[in-house]
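Structural characterization, general
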Amino acid sequence: MTYIIANGYDFNHDIYELVRTFYPDEEIQNIEDIDTYNKGNLLTISLIENEYGFICITKLYFDDVLISENTENLNDIFINRSWEKTINVGVKKSIFKTLIKVTDKKFPWGILTGIRPTKIVHELIEKNTPIEIINEILVNQYMLSDEKARLLIEIAKRQSKYLYPIDKSKYSLYIGIPFCPTRCIYCSFPAVPIKRCSKIVDSYIDNLMYEIKNIKYFMKDKTINTVYIGGGTPTSISVDQLKRIIAGVYKNFGYDNIKEFTVEAGRPDTLNYDMLKMFKEMRINRISINPQSMNDKTLRLIGRDHKASDIVDSFNMAKEIGIENINMDLIVGLPGEGLKEVENTLKIIGQLSPENLTVHTLSIKRGSNVKNNLDLYKLEEQKVIENMLTAISDFTKKNNYKPYYLYRQKNILGNFENIGYSKEGLECIYNISIMEEKETIIAAGVGSTSKIYYPEENRLERIFNFRDINEYINRIDVVIDRKRKLLLDT
Ligand SMILES: C[S@@+](CC[C@H](N)C(=O)[O-])C[C@H]1O[C@@H](n2cnc3c(N)ncnc32)[C@H](O)[C@@H]1O
Ligand code: SF4
């Protein structure tokens, strides 16, 4: 157990998350009374105002013995953001410096605990902060490694042409299809095996079409930019059912303004010639065929009912049919995988040469089979994960893939990140949009979240859809009313 006492400063989620990166397997408890502590770690954080300004003094005790401490002068913190954020950074920096002294682990993300670290870089770019100063802020204030700071700046620069100037009149559309062939052991997405609910697919699509028709009405003064059909695995429904959804999009929003139309076709066991041919005919210009791993043993273990050779066959078929942009998702840190397995995956990916490659690090998600049965799976340590990620980073450099979006997740192995790579100029606009949150995304279907962006205030409002299919079908008017209230009535 790690106890935290904060004086002069409210204990907040940010502090909790930062301490958790150091002690991922321990319970962390904020206490007000020192008597609650008897043994284990105790972290005391004191924010004090004196004649010169604010200082933060942090001390770490183990079994009552002081083992590390730090004093941070908050006047020295420069992040070119509000005073409130500056204080938060000063306090986190003080905690970080205290904890880093007593561990031999590396923390390349420094004090950053958020999901979207590139947003900080964009905020600084928008304030015309010179790149050298941004780098200095990332390394010296947020305590990032030189490598992560460079990576964030590189990605933010690459994204800029898609984000600026901000166009208030544009929005993107997301459609969620919550069905999959089988459930993968690491997954916590709202998706159910298709066999269990094939009878309700048509009814689900009827409701989806009704929601989309309403979205068209709510967004009548704006122009559609990109469309993304995700899930789940949209290709687990039939060719005709999926075609009906795509046709519904065109009927409501037309063809001409849609710059990019992605369908996640993740699992090769859901793909055949008819499905891929339909995509080509329906002008789908980007799909995902996701290996996760190219090792049959791993595919079996993670619950994907197909072989690596099926992925290769589907990819080749899609290319022959003429699908322009194919993405492939990988996961690093899957149970039983080390450097040798990743090298095999990369060898095959190198031969296929997809336009996009998205590299995730395994995250142990609540509700997933891995999380519920942790003792059954062999997971690698930070050092091994780091070696695998380095192999991937070397591969992308050698094969001309450029990083174009990045995000972090909770409970990600080794505290690493997910990175989307692309061949030059073939970046997925929707992925940048969802990550950087500078465009409205209207989402239809189960488990989806709409994000309405107000550029004048740089603010987002979220609208949530139900996560349960039957609830979505039975209460579709509630779903639509939530959208109407925010999009029409305000
Ligand atoms: C929304 S999922 C759906 C993709 C598609 N259904 C498939 O499985 O191929 C998008 C991607 O997130 C990644 N992912 C899902 N769960 C993950 C986890 N627990 N840790 C790391 N990556 C994960 C996988 O690479 C997956 O392809
Ligand atoms: S990872 Fe993809 S295919 Fe597997 S259960 Fe999750 S959404 Fe379905």
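For every chain, the first residue of the written sequence is number 1, and numbering continues from 1 onward in sequence order. Key to labels: chains lettered from A, ligands numbered from 1, both in the order written. pLDDT decides what is reported in this predicted model: residues at 70 or higher carry local features, side-chain atom pairs at 80 or more are listed and counted, and totals for whole chains, interfaces and linings draw on all residues regardless. Each side-chain value is worked out from all heavy atoms of the structure, with water and hydrogens disregarded.

Some points on helix α9 (residues 273–281)
- Each residue gets one of three labels from its accessible area relative to the maximum for its type: buried under 20%, exposed over 50%, partly exposed in between, using a 1.4 Å probe on protein chains only. Under the scheme used here, helices are H or I runs from DSSP no shorter than 4 residues and strands are E runs no shorter than 2 residues, and both carry numbers assigned from the N terminus. Residues of α9 that are buried include every one of Met 275, Leu 276, Met 278 and Phe 279, and no others. The arc enclosing the buried residues of α9, seen along the axis, measures out at 155°, which places them on a common side.
- Contacts are residue-level and defined by heavy atoms, with any inter-residue pair within 4.5 Å sufficient. Buried-residue contacts for α9 involve α8 (239–253), β10 (260–264), β11 (286–288) and α11 (308–321).
- Side-chain atoms alone can form a polar contact between residues adjacent in sequence; in general such a contact is a pair of N or O atoms within 3.5 Å, and within protein one must be able to donate a hydrogen while the other accepts it. Between the side-chain oxygen of the N-cap and the backbone nitrogen of Asp 274 there are 3.2 Å, and the N-cap of α9 in question is Asn 272. Each direction from the helix axis to a C-beta atom contributes to the arc, which is the arc of those directions.

Focus on the pattern of salt bridges
- Any carboxyl oxygen of Asp or Glu that lies within 4 Å of a side-chain nitrogen of Lys or Arg is treated as forming a salt bridge with it. Summed over all chains, the structure comprises 26 salt bridges.
- Close ionic contact of Glu 72 with Lys 97 constitutes a salt bridge, the shortest N to O distance being 3.2 Å. Here Glu 72 is found in strand β5 (residues 65–73), whereas its partner Lys 97 is found in helix α2 (residues 83–100), with 25 residues between them in sequence.
- A relative accessible area of 7% places Glu 72 in the buried class.
- For the salt bridge of Asp 269 with Arg 267, the shortest nitrogen-to-oxygen distance reads 3.0 Å.
- Residue classification places Arg 267 among the buried residues on the basis of a relative accessible area of 2%.

Concerning the site of ligand 1
- Being near a molecule or strand, for a residue, comes down to having at least one heavy atom within 4 Å of it. Of all residues adjacent to ligand 1, which total 17 residues, the nearest are Asn 290, Gln 292, Arg 304, Asp 329 and Ser 363.
- In the model, a nitrogen atom of ligand 1 is placed 2.9 Å from a nitrogen or oxygen of the Gly 232 main chain.
- Only the protein chains shown count as cover for residues, and all accessible areas are computed by the Shrake-Rupley method using a 1.4 Å probe. Here ligand 1 has 550 Å² of accessible area as a free molecule, and 92% of this is covered by the chains.
- The set of elements that each furnish at least two residues to the shell around ligand 1 consists of β12 (325–332) and β13 (356–361).
- Any residue outside Ala, Val, Leu, Ile, Met, Phe, Trp, Tyr, Cys, Pro, Asp, Glu, Lys and Arg is labelled polar, Gly included; the first ten of those are nonpolar and the last four are charged. For the shell around ligand 1, a count of residues per class yields four nonpolar, nine polar and four charged.

A closer look at unusual backbone geometry
- Cis geometry is adopted by the peptide bond preceding Pro 165, which originates at Tyr 164 and carries an omega value of -10°.
- Here Pro 165 is to be found in the loop between α5 (146–163) and β6 (170–177).
- Cis geometry marks the peptide bond from Gly 231 to Gly 232; its omega dihedral reads 15°.
- Looking at the secondary structure, you find Gly 232 in the loop between β9 (223–231) and α8.
- A positive phi angle, close to 65°, is found at Met 143, a residue other than glycine.
- You can see Met 143 is positioned in the loop between α4 (131–141) and α5.
- For Asn 411, which is not glycine, the phi torsion reads 55° and is therefore positive.
- As for its placement among the helices and strands, Asn 411 is situated in the loop between β14 (401–407) and β15 (418–423).
- By relative accessible area, which is 37% here, Asn 411 ends up partly exposed.

What to know about the pairing of strand β1 (residues 2–7)
- For β1 and strand β3 (residues 41–50), the ladder comprises six bridges, and the chain directions are parallel. Pairing of Ala 6 across the sheet is with Ile 45, part of β3.
- Sheet analysis places β1 next to strand β2 (residues 28–30), joined by three bridges and oriented parallel. Residue pairing in the sheet places Ile 4 in a bridge with Asn 30 of β2.
- When the strands point away from the viewer, a crossover counts as right-handed if the path from the first strand over the helix to the second runs clockwise. This β-α-β element, β1 to helix α1 (residues 13–22) to β2, shows right-handed connectivity. Think of it this way: DSSP has to see at least two bridges between two strands before they count as a pair.

Details of the packing of helix α3 (residues 118–126) against α5
- Every axis in this analysis is a line fitted to C-alpha atoms, fitted for helices over the stretch in contact. Angles between the N-to-C directions lie between 0 and 180 degrees. Taken N-terminus to C-terminus, the directions of α3 and α5 make an angle of 65°; their axes are 9 Å apart at the nearest point. Here the hand of the crossing between α3 and α5 comes out right-handed. The segment α3 lies against α5, with Thr 118, Val 121, His 122 and Ile 125 engaging Leu 152, Ile 153, Ile 155, Ala 156, Gln 159, Ser 160 and Leu 163.
- The residue inventory of the contact of α3 with α5, partitioned by class, reads seven nonpolar, four polar and no charged. It is the rotation of the near helix from the far one that decides the hand of a crossing: anticlockwise by less than a right angle makes it left-handed, clockwise makes it right-handed.

Details of the domain arrangement of the protein
- Once the domains are mapped, the protein shows domain 1 (1–100), domain 2 (105–165) and domain 3 (170–479).
- Taking only C-alpha atoms into account, the centre of domain 2 sits 26 Å from that of domain 3.
- Counting from both sides, the interface comprises 24 residues of domain 2 and, opposite them, 24 residues of domain 3.
- Buried surface at the junction of domain 2 and domain 3, both sides included, amounts to about 2,200 Å², of which 53% is carbon and sulfur.
- In this description, buried area is defined as the sum, over both parts, of the accessible area (probe of 1.4 Å) that is lost when the two are combined. For the domain 2 face of the interface with domain 3, the top three residues by lost area are Arg 116, Arg 158 and Tyr 162, together amounting to 28%.
- For the interface between domain 2 and domain 3, the tally reads five salt bridges.
- In this structure, the salt-bridge partner of Glu 417 is Lys 148, at a minimum N-O distance of 3.2 Å. Domain ranges listed in this record stem from an automatic or a database domain assignment.

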